[in-house]
Amino acid sequence: MLKLGAFLRSYGHHVAAWRHPDVAQDCFEDYVRCARTAERGHFDMIFLADNAAVYAESAEVLSRSSWTVRFEPFSLLSALAASTNHIGLVGTATTTYDEPYHIARRFGTLDQISNGRAGWNLVTSRQAAEAANFGRDLHLEPAERYRRGREFADVVCGLWDSWDDDAFVRDKASGIFFEPERMHVLDHAGEFFRVLGPLNVARSPQGRPIIVQAGSSEDGKQLSAGIADVGFTAHPTLESAQAFYADVKGRVARAGREPDAVKIMPGIFPTLGATPAEARAKFDELQALVDPAVSVMQLSAFLGFDLRTYPLDGPLPDLPPNVMTASRPALFHAMARRDNLTIRDLSLQMAAGRGHRQIIGTPVQVADELETWYRTGAADGFNIMPPLLPRDLDDFVDMVVPELQRRGLFRTSYEGTTLRENLGLRRPRGRYAPQMS
Ligand SMILES: Cc1cc2nc3c(=O)[nH]c(=O)nc-3n(C[C@H](O)[C@H](O)[C@H](O)COP(=O)(O)O)c2cc1C
């Protein structure tokens, strides 16, 4: 069975979605509605991205974009935990501008209050602008960010293992609340962190919340292989998704894990219509609302390279080597060169799928493509990015999900109670649990 995530963001994933007459308001009730819709469609999880800065290169251009303010994902997911019953709740938190003890506590608690539905999207922070909000002059270089991210994840997992499942005996007669030998003190000292532990949150229903990793560079793939349960990724073509899938699964095996222990879920930006022409008209309608200044700003932010001084109808310039080491700039650069795209063309493509696979068509056409990706070693599931919310999530759940179910590719009821069970992942043994002989 393939896995599905609903990638939610205010208004939807199209850069101009906020200007469309059918768009949702950016309010809590709309998130509740979308989370419940995804749950009605038996999605594995909802997913919230995050960064801790406003991209402020130009206030004038920024003032024409909706991607300025957003809810803090952790608070939002905690509220959504009380409004849903089955769906996984995955939120982004940064290893560059946060502390492992904070993250371990928050996700450990979210796992408790949601009865085992929490997931952490581990990011090392893409936006350099975040540095200035945390007392730093410069964003860390990618290699250092990933070294810190790896140590950070190791500390978080160690803290989640602080207590055995049955540590808290709460024996009223003897007065023993927990068994001391079932508490484990991490006592970590490494390159970036010194953390004593134990965590002041009990071991959670999933053992450990799910870890999602969305970096796709060499360092990102290694991090996924070592610690991730789910890998989110962006691929515009089947071939690049297949190559990525084989690469990561190979790394997972070399790291001594079952290849199936990491689910690879590329993003999909689907525009649906009853006929191909209707789908195309919906897509074109949103594209016509794009302000080129905004789409170029978005492209610059994604590249980490300012394009405003280059001619809009000229070619994408060669990008410096330090920019090209990250996965998405390399992807955009390759797309631009392959299809001979101008900055305007590339920014318009970005305005829709941001480098993720765009499918414009009928529910059957969308299901055909998802099936091909699933059956030909490109994906274990998909992170669905509706262009316009709530309309396009409603349509996906009402039209594509039944088609996938008819083909026997997707569940008709939840298999388990936790996110881990629904994803078909083993509950991890704590690092202090006795080794099996
Ligand atoms: C689906 C998806 C969601 C992501 N969400 C975030 C996010 O919320 N915040 C962030 O800083 N980076 C996010 N990223 C970026 C990655 O975590 C990573 O930092 C970026 O891809 C650069 O690393 P790389 O060169 O290893 O890919 C996301 C990437 C993907 C594919």
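Okay, so let's go over this structure. The model shown is predicted, which means the values in this text are computed figures rather than measured ones.

The rules behind these values
- The numbers attached to residues start from 1 for each chain and follow its sequence in the written order.
- In keeping with the predicted nature of the model, local features appear solely for residues at pLDDT of at least 70, side-chain atom pairs appear and are counted solely at 80 or more, and the whole-chain, interface and lining totals rest on all residues.
- Based on all heavy atoms of the structure, the side-chain values leave hydrogens and waters out of the count.
- An axis is simply a line fitted to the C-alpha atoms; with a helix, the fit covers only the stretch in contact. Between two such axes, the angle follows the N-to-C directions and lies from 0 to 180 degrees.
- Secondary structure elements follow DSSP: runs of H or I of four or more residues count as helices, runs of E of two or more count as strands, with numbering from the N terminus.
- Geometric relationships in this document are graded by angle, where less than 35 degrees denotes roughly parallel, more than 145 denotes roughly antiparallel, 65 to 115 denotes roughly perpendicular, and other angles denote oblique.
- Should the near helix be turned anticlockwise from the far one by less than a right angle, the crossing is left-handed, and should it be turned clockwise, the crossing is right-handed.
- Here, two residues are considered to be in contact whenever any of their heavy atoms come within 4.5 Å of each other.
- Each residue gets one of three labels, nonpolar for Ala, Val, Leu, Ile, Met, Phe, Trp, Tyr, Cys and Pro, charged for Asp, Glu, Lys and Arg, and polar for the others, Gly among them.
- Whether a residue is near a molecule or strand depends on its heavy atoms: it is near if one of them lies within 4 Å of it.
- Think of a polar contact as two N or O atoms within 3.5 Å of one another; within protein, one of them needs to be a possible hydrogen donor and the other a possible acceptor, and neighboring residues in sequence only count if both atoms come from side chains.
- Under the convention used here, a 1.4 Å probe and the Shrake-Rupley method define accessible areas, while residue burial counts only the protein chains that appear.
- The rule is short: rings of Phe, Tyr and Trp, with Trp giving its six-membered ring, pair when the centres are within 6.5 Å, and they are stacked under 30 degrees, edge-to-face over 60, tilted in between.
- Each residue's exposure class comes from its accessible area (1.4 Å probe, protein chains only) as a fraction of the maximum for that residue type: buried when under 20%, exposed when over 50%, partly exposed otherwise.
- We call a set of buried Ala, Val, Leu, Ile, Met, Phe, Trp, Tyr and Cys residues a nonpolar core when their side-chain atoms join them within 4.5 Å.

Moving on, we come to the packing of helix α1 (residues 28–40) against helix α3 (residues 73–81). What describes two packed helices is the angle between their axes and the distance between those same axes. Packing of α1 against α3 brings their axes to within 10 Å, and their N-to-C directions diverge by 60°. Classed by the angle they form, the pair α1 and α3 counts as oblique. Handedness of the crossing formed by α1 with α3: right-handed. Of α3, the residues touching α1 (which contributes F28, Y31, V32 and A35) are L76, A79 and L80. Looking at side-chain class alone, the contact of α1 with α3 contains seven nonpolar, no polar and no charged residues.

This next bit is on the site of the ligand. Residues in close proximity to the ligand total 19 residues, the closest being D50, Y146, S216, S217 and S327. S216 has a polar backbone atom sitting 2.7 Å from an oxygen atom of the ligand. Contact distances for the ligand include 2.5 Å between an oxygen atom and a side-chain N or O atom of S217. Isolated, the ligand exposes 620 Å² of accessible area, and the fraction of that covered by the protein chains is 95%. Only β4 (118–123), β8 (230–233) and α11 (327–339) provide two or more residues apiece to the shell around the ligand. Considering only residue class, the shell around the ligand consists of seven nonpolar, nine polar and three charged.

A few words on the packing of aromatic side chains. Counted by the stated rule, this structure contains 18 aromatic pairs. Centroid distance F74 to F107: 4.9 Å. Interplanar angle 80°. Geometry classified as edge-to-face. Of this pair, F74 sits in helix α3 while F107 is found in helix α4 (residues 100–113), placing the two residues 33 residues apart along the sequence. Assigned by exposure class, F74 and F107 land together as buried. Judged by centre distance (5.9 Å) and plane angle (55°), the ring pair of F168 and F178 falls under tilted. Residue F168 is found in the loop between α5 (142–160) and β5 (188–189), and its partner F178 is found in the loop between α5 and β5; the two are separated by ten residues along the sequence. You can call F178 partly exposed: its relative accessible area is 29%.

With that settled, the discussion passes to the nonpolar core. Counting 65 residues, the largest nonpolar core has L4, F43, I46, W120 and F396 as the members making the most contacts within it. Looking at this core, the element that brings in the most residues is α5, giving eight residues. Look past the residues within four positions of F396 in its chain and what remains in contact with it is L4, F43, P270, L272, V366, L370, I384 and V401. Grouped together as the second largest cluster of nonpolar side chains are 17 residues, L303, F305, L331 and M335 included.

Another point: the side chain of R391. Looking at the element boundaries, R391 is found in helix α14 (residues 391–406). Of the polar contacts made by the side chain of R391, one reaches the side chain of D392; its length is 2.7 Å. Sequence-distant contacts of R391, defined by excluding residues within four places in its chain, comprise H20, D22 and K282.

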